[in-house]
Amino acid sequence: MTVNVTDQDRALKFYTEGLGLDKRIDYPGPEGRFLTVGVGDSPVEIILWSHAPAAGQPVENRPGVTPGPLILESDDLRKDFEVFRQRGVTFDRPEPEDYPFGVRIEAVDPDGNQISLRQQRRPNRTDG
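This text gives an overview of the structure that appears in the document.

Thresholds, definitions, all that
- Residues numbered from 1 in each chain as written.
- Predicted model: local features only at pLDDT ≥ 70, side-chain atom pairs only at ≥ 80, totals over all residues.
- Heavy atoms only, no water.
- Helix = DSSP H or I, 4+ residues; strand = E, 2+ residues; numbered from the N terminus.
- Polar contact = N/O pair within 3.5 Å; in protein donor to acceptor, adjacent residues only side chain to side chain.
- Core = buried A, V, L, I, M, F, W, Y, C linked by side-chain atoms within 4.5 Å.
- Buried < 20%, exposed > 50% of the residue type's maximum accessible area, 1.4 Å probe, protein only.
- Contact = heavy atoms within 4.5 Å.

Another point: the environment of D9. Looking at the secondary structure, you find D9 in helix α1 (residues 8-18). Sequence spacing of D9 and L35 is 26 residues, and the spatial spacing of their C-alpha atoms is 9.5 Å. A polar atom in the side chain of D9 sits 2.7 Å from the side chain of R33.

Below, the structure is given as structure tokens:
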């Protein structure tokens, strides 16, 4: 997944220090800095790709571009929410909300990209 950012250093700080992801690749390539972050041992990487602030509309409003939501799973979202909030992460609402599938809240990075933070509902013995 690629997340478009206007300042890669600021985005790196948000995703590593704010959300606790790991910096994976930081390569100053000929077409621009190739910078990725990831979660623990997962092979999935998030590319923090630089684009100019004057590049026009946000990615989600450009014709022909279908952005995919960035979703991070948590084992204890309410606990993680408190940690993230103390680290200065901004959210779209004051507290995580309960849904039929579990708990969720949206974090917002410095460029306005939304990150969906979710905790799946754990089945209990009465669920069969």
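Membership of the largest hydrophobic core comes to 24 residues, with the highest contact counts inside it found for Y15, L19, L48, F91, I115 and L117. The element that contributes the greatest number of residues to this core is α1, accounting for four residues. Setting aside residues no more than four positions away along its own chain, L48 makes contact with V3, V5, Q8, A11, L12, Y15, L35 and V37.

Within the element layout of this structure, T36 appears in strand β3 (residues 32-38). Taking relative accessible area as the criterion, T36 reaches 1% and is therefore assigned buried. Polar contacts involving the side chain of T36 include one to the side chain of E45, which spans 2.5 Å. Look past the residues within four positions of T36 in its chain and what remains in contact with it is D22, K23, R24, I25, E45, I46 and I47.

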